[in-house]
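This is what each chain is made of:
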Amino acid sequence: MSVLLTADWCSVGKNEYYRKFEVYDMEWTSIFNMDNVIVTSCSFGGPLAIRRDPKKLVKVQGSGKPTISIFTASGEFVSSIMLSKPVIHVGWSTSEDLICIEDDGSVSSYDLFGNHLHTFSISEEVRMTKVIEAKVFNSASGTGVAVLTSTYRFFLVNSIKDPKTRTLPGVPGLNAPPSSWAVIARDRETKILVARERELYFLSPNDSPVSVVPEFSDRLSSVVEMAVSVNSNQIGLFTDKGRMWIGSSDLHTKYCEVDTSHAYRPLQLAWCGSDGVVGVWDETLLLVTQKGDTLTYPCDSRVHVVPEVDCARVISNTTHEILQSVPSVLQKILRINSVHPGLYLLEASRHFQRRSHKADEYIRLVKDSLPSAVESCIEAAGYEFSPDNQKMFIRAAQFGKGFVPNLDPEPYVQMCRVLRVLNAVRNPKLSLPITHVQLRKMTTKGLLERLIHRRHYFIATEICKHLKLPPAEGSSHILAEWAFYKVAQAKQDREQVAREIASKLGKAPGISYKEIALRANHYGHTQLAIRLMDYEPRAREQVPLLLDLGQEVPALLKAMESGDTDLIYTVLLKMHSKISLKEFYLKIRNYPLAKSLYIKYCFENNNKELEDIYAQESDFNAQAALHLREAYEPKNSGIRETLLANAQQSYKNIRNDFMAGACDEQRKLIKFQRNLEDKFHIEFYGLSLHDTVEKLLLKGELKLADSLRTEFKVPDRRYWWLRILAHGKNRDWLGLEKFSKDKKSPIGYEPFVDVCWDNNEKQEAQKYMNRVKDDLKVEYYTKIGMLEQAAQTAFEQKDARALDALRSRCGASDKQVLEQINTFLTQLMSKK
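Below: a short report on this structure. (Residues numbered from 1 in each chain as written. Predicted model: local features only at pLDDT ≥ 70, side-chain atom pairs only at ≥ 80, totals over all residues. Heavy atoms only, no water.)

Helix and strand counts for the protein come out as 33 helices and 29 strands. Computed over its C-alpha atoms, the radius of gyration of the protein comes to 51 Å, more than 25% above the 28 Å expected for a compact globule of 832 residues. C-alpha atoms of the protein, sized along the principal axes, occupy 150 × 75 × 60 Å. Expressed as a percentage of the 832 residues in the protein, the buried residues total 49%. In the protein, 48% of the contacts between residues at least 6 apart in sequence involve partners at least 24 apart. For the protein, the exposed surface amounts to about 41,600 Å²; the carbon and sulfur share of it is 48%. (Helix = DSSP H or I, 4+ residues; strand = E, 2+ residues; numbered from the N terminus. Rg over C-alpha atoms; globule rule 2.2 N^0.38 Å. Buried < 20%, exposed > 50% of the residue type's maximum accessible area, 1.4 Å probe, protein only. Contact = heavy atoms within 4.5 Å. Areas by Shrake-Rupley, 256 points an atom, 1.4 Å probe, with all protein chains shown as cover.)

Here the focus is the pairing of strand E16 (residues 189-196). As paired elements, strand E15 (residues 180-186) and E16 share seven bridges and run antiparallel to each other. Its bridge partner lying in E16, Arg 186 is registered against Glu 189. Adjacent in sequence and paired antiparallel, E15 and E16 are bridged by two residues, among which Asp 187 carries a positive phi angle near 55°. Of the pairings in the sheet, the one linking E16 to strand E17 (residues 199-203) comprises five bridges and is antiparallel in character. What sits directly across from Arg 196, in E17, is Glu 199. (Pairing = 2+ DSSP bridges.)

Next up on the list: helix H8 (residues 410-426). An ideal rise of 1.5 Å per residue puts 24 Å on 17 residues; H8 measures up with 24 Å between its terminal C-alpha atoms. For H8, the elements touching its buried residues are strand E2 (17-25), helix H6 (370-383), helix H7 (387-401), helix H9 (436-453) and helix H10 (457-467). (Expected span 1.5 Å × (residues − 1).)

What follows covers the pattern of salt bridges. Following the criterion strictly, the structure yields 23 salt bridges and no others. Residues Arg 196 and Glu 199 are paired through a salt bridge, measuring 2.4 Å at the closest nitrogen-oxygen approach. Of the residues examined, Glu 199 reaches a relative accessible area of 30% and is grouped as partly exposed. Salt-bridge contacts for Arg 313 lead to Glu 308; the nearest nitrogen and oxygen are separated by 2.9 Å. Given a relative accessible area of 1%, Arg 313 falls into the buried group. A relative accessible area of 1% places Glu 308 in the buried class. (Salt bridge = Lys/Arg side-chain N within 4 Å of Asp/Glu carboxyl O.)

Attention now moves to the sheet that holds strand E13 (residues 154-157). Consider a sheet: its strands pair through backbone hydrogen bonds, and that pairing is either parallel or antiparallel. Pairing is antiparallel across the open sheet formed by four strands, whose spatial order is E11-E12-E13-E14. In the strand order of this sheet, the two ends are held by strand E11 (131-139) and strand E14 (165-167), each with one partner. Ignoring which end each strand starts from, the neighbouring axes of this sheet average 20° apart. Judged from the eight bridges that link them, E11 and strand E12 (residues 142-149) form a sheet pairing that is antiparallel. Of the residues in E12, the one forming a bridge with Val 136 is Val 145. (Axes fitted to C-alpha atoms, helices over the stretch in contact; angles between N-to-C directions.)

It is worth spelling out the pairing of strand E4 (residues 48-52) at this point. A large share of E4 lies buried, amounting to four of its five residues. Two strands pair when backbone bridges link them, and strand E3 (residues 37-41) and E4 are joined in this way by five bridges, in the antiparallel orientation. Residue pairing across strands places Val 39 opposite Ile 50, the latter belonging to E4. Connecting E3 to the next strand, E4, in antiparallel fashion are six residues, including Phe 44 with a positive phi near 55°. In the sheet, E4 pairs with strand E5 (residues 67-71) via four bridges, with the strands oriented antiparallel. When the sheet's bridge partners are listed, Ile 50 is paired in E5 with Ser 69.

What follows concerns the sheet that holds strand E10 (residues 116-121). Read across the sheet, four strands follow the order E7-E8-E9-E10 without closing on themselves; strand pairing throughout is antiparallel. Each end of this open sheet is capped by a strand with a single partner; those strands are strand E7 (87-92) and E10. Here the strands of the sheet are splayed against their neighbours by 20° on average, with no regard to which way each runs. Here strand E8 (residues 98-102) runs beside strand E9 (residues 106-110); their pairing, made up of four bridges, is antiparallel. Bridge pairing in E9 places Ile 101 opposite Val 107.

Within the secondary structure, Lys 783 is located in helix H30 (residues 774-783). Among the residues examined, Lys 783 registers a relative accessible area of 35% and is labelled partly exposed. Along the primary structure Lys 783 and Asp 754 are separated by 29 residues, whereas in three dimensions their C-alpha atoms are 9.2 Å apart. Every residue in contact with Lys 783, bar those within four places of it in the chain, is listed here: Asp 754 and Trp 757. A polar side-chain atom of Lys 783 sits 2.5 Å from a polar atom in the side chain of Asp 754. (Polar contact = N/O pair within 3.5 Å; in protein donor to acceptor, adjacent residues only side chain to side chain.)

The next point concerns the nonpolar core. The biggest cluster of nonpolar side chains holds 92 residues, and the ones touching the most others in it are Phe 393 and Ile 501. In contact with Ile 501, other than residues within four places in its own chain, are Trp 482, Ala 483, Lys 486, Val 487, Gly 506, Tyr 513, Ile 516 and Leu 532. If you look at the next biggest cluster of nonpolar residues, it comprises 34 residues, including Trp 720, Tyr 781, Ala 794 and Ala 802. (Core = buried A, V, L, I, M, F, W, Y, C linked by side-chain atoms within 4.5 Å.)

Following the criterion strictly, the structure yields one cavity of 30 Å³ or more and no others. Empty space within the largest cavity amounts to approximately 40 Å³. Surrounding the largest cavity, Asp 310, Gln 324, Gly 382, Tyr 383, Phe 385, Arg 426, Thr 435 and His 436 form its lining. Within the lining of the largest cavity, the residues separate by chemical class into two nonpolar, four polar and two charged. (1 Å grid on protein atoms, 1.4 Å probe; cavity = no way out; pocket = protein on both sides within 12 Å on 5 of 7 lines; lining within 4 Å. Points joined across faces, edges and corners; volume = space filled by probe spheres on them. Nonpolar A, V, L, I, M, F, W, Y, C, P; charged D, E, K, R; others polar.)

Bringing the packing of aromatic side chains into the picture now. Within a pair of aromatic rings, the relevant descriptors are the distance that separates the centres and the angle that separates the planes. Summed over the entire model, instances satisfying the criterion amount to 13 aromatic pairs. Considering the side-chain rings of Trp 9 and Tyr 17, the 5.5 Å spacing of their centres and the 50° angle between planes classify their relative orientation as tilted. Tyr 17 sits in the partly exposed class, given a relative accessible area of 23%. An aromatic cluster is defined as three or more aromatic residues linked by ring pairs; in this entry it consists of Trp 28, Phe 71 and Phe 77. Lying across the ring of Trp 181, Lys 135 places its NZ or CZ 4.9 Å from the centre. Sitting over the ring of Tyr 749, Arg 771 keeps its end group 4.0 Å from the ring centre. (Phe/Tyr/Trp six-rings, centres within 6.5 Å; stacked < 30°, edge-to-face > 60°. Lys NZ or Arg CZ within 6 Å of the ring centre and 35° of its normal.)

Moving on: unusual backbone geometry. Trans peptide bonds make up most of the peptide bonds, and negative phi angles are found at most residues other than glycine. Residues other than glycine seldom take positive phi values, yet Ser 232 does so here, at roughly 65°. In this structure, Ser 232 sits in the loop between strand E19 (223-228) and strand E20 (234-239). For Ser 232, a relative accessible area of 6% puts it in the buried group. Positive phi, normally seen in glycine, also occurs at Thr 443, with a value near 70°. Of note, Thr 443 is situated in helix H9. The class of Thr 443 is partly exposed, set by a relative accessible area of 38%.

Before going further, it helps to spend a moment on a negative patch on the surface. Side chains of Asp 35, Asp 282, Glu 283 and Asp 300 sit close together on the surface and give a patch of like negative charge. A relative accessible area of 32% means that Asp 35 is categorised as partly exposed. (Patch = residues over 30% accessible without salt bridge, like charges linked within 9 Å, V, L, I, M, F, W, Y side chains within 5 Å. Lys, Arg positive; Asp, Glu negative; His and termini not counted. Charge placed at Lys NZ, Arg CZ, Asp CG, Glu CD.)

Laid out in structure tokens, this is it:
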């Protein structure tokens, strides 16, 4: 069995093996010849870009304009891009966008389906001097671009998403194109290694050129080709003498130096993971490991090598193969004469499937090492491309873990899930031939992004379900991207598309219909965007977008349905800013809630507009109320009479004679007050009628007070109170007595007693006691301290309760009064 599993292994050096196995039969066999084209590959099993090699003479078909054809990893045609002028270099970004660099320094990006995304220019100097060579590289900052101009100056853009051009220092003495150069993006620092014949220089944006001299076994004449590993930690140099130098990318450490026996420059130099460098010649593919061992593969035709983090993909006219160092766990289990526990477990499982008793014998051999054997089989399954081999290792792991109590099942379950995902994406219909190592490097999220980019939404959703990813991180995000794609289509029935999107998305967590509608509007599908917003459950997301789309009335309806007054005000103010007041009010008058809220807003912020609204509605009562409110605002004191006149007219229009008369009287009072101010030079304006009369009485202006009383028909009871209080405040007791004798008091004479007593005038208060009502005399005699008179009055009124109350008020000094009260009480009791 081991022999069959290791049939594609090739020994390299001591105890090291490489394998080369086929992944796909290419579908492009009859489309072109690899000898006449330039292949540009994307990492992580990405697509291939094919363009005609301008150095080869071939028959031109079609328009003759430069064209780039995009194929999947299995050679299936995806799209083509027709260019207006030739490009200097083509590369792929980390997100599988095609990057095209033209000789004027223009950098354009296209998606997998040939749609133009954006274009930027590196710099004006590059445009003037022209690009002669260029490279696209990937770093921690994203995808970058480096170019060499005809003046032999290098320019660097670290990220095409945020293109900031850096000019690198010139290489000393460089007056011709360098023999080779490469970009080294490492630790967030990007450098360019340039070979000028036998001299090597590191160029970085902020430093002077640094000359380096790698350790060669013989005198170096010229480095004609360079290859940097995917992780940028190692570099391979090929000299014009056919020697391959492999070492660290800073050239400080040399791993090996090998004579390749090839005297001319390779067609391509690329790394196989980080283990070795692959050189491509016409009929040979040569692998040189870091230890200096070599392995040669013959080639029937021209091949293209794609460097990956753990292998190299070899693409020819007919096949797509993977070349990689055999993982150590597979070597331990499957190599000849292996005694690894994983091999015994594999044999035990195989015999168990055959129902052979030998299964028990193999289990006994590995009994003490079963946990590590199970772990090894699980790990080995991840490195296999063949589903049959994967099943073999997984079955062995399953068989072995049944003999280990309390073994954590999670690694086994997780590997089963991952293998199913890997097998699904490796299918030629998807053409993503990634390894388990690459999947860990790109992460599940990165894999999903690539599937989304290729529009494989269904399989991406199924992977999310299979891996049990949270909806917000998986299926919801994919559904949103699918919706973005749907709304971008030019020819579509908006109702059908909106219903289709709503039925697919439903109420999936993390889905924002607003974002989808914005995307639809971006592509000019405004009506579709409006329709999509009907499915957005959050009014605060719906309303602003509807306003941006010019749909004020639908936005108003949504805001009112939400009951959020802030949203309603947002819509109303937006509508008001775009149309005239008359048109605006005609629109909102059909919506009572919106109308009421806007009137409230105007009431607090814009009285003039509120007046216009009331005038438009002929609401004279509201107009009058508004005028009255304005009239008594401090800022409007100068025009109060005018505002009162306006209010009076409004009340007249609705025949409210009472309120119209009140406004008229208020105007008369204001006029009277202004006259008083002119006469006395003190403030009367703004006082009420009550306060105005009181102020005149306090000044002793009785005639003016009487005149005001007559003019405004002040009730007698109020006027008498004002007169009494004014005399008291002025301590005009003679005037008070005289006033009490003018005519009978409509409020009685108790207020006369009160005002005198409140001002400590007991003698004055006694003057009015005989005119106090009989039922109040006892109370008032008591109030002013005339207890003897109070007792006599109470006795005369035969009020025993009053006498009893008086007795409780008597003190030690009132013995005579107390005796008299007791006598009165005795007499009243005897009469009963």
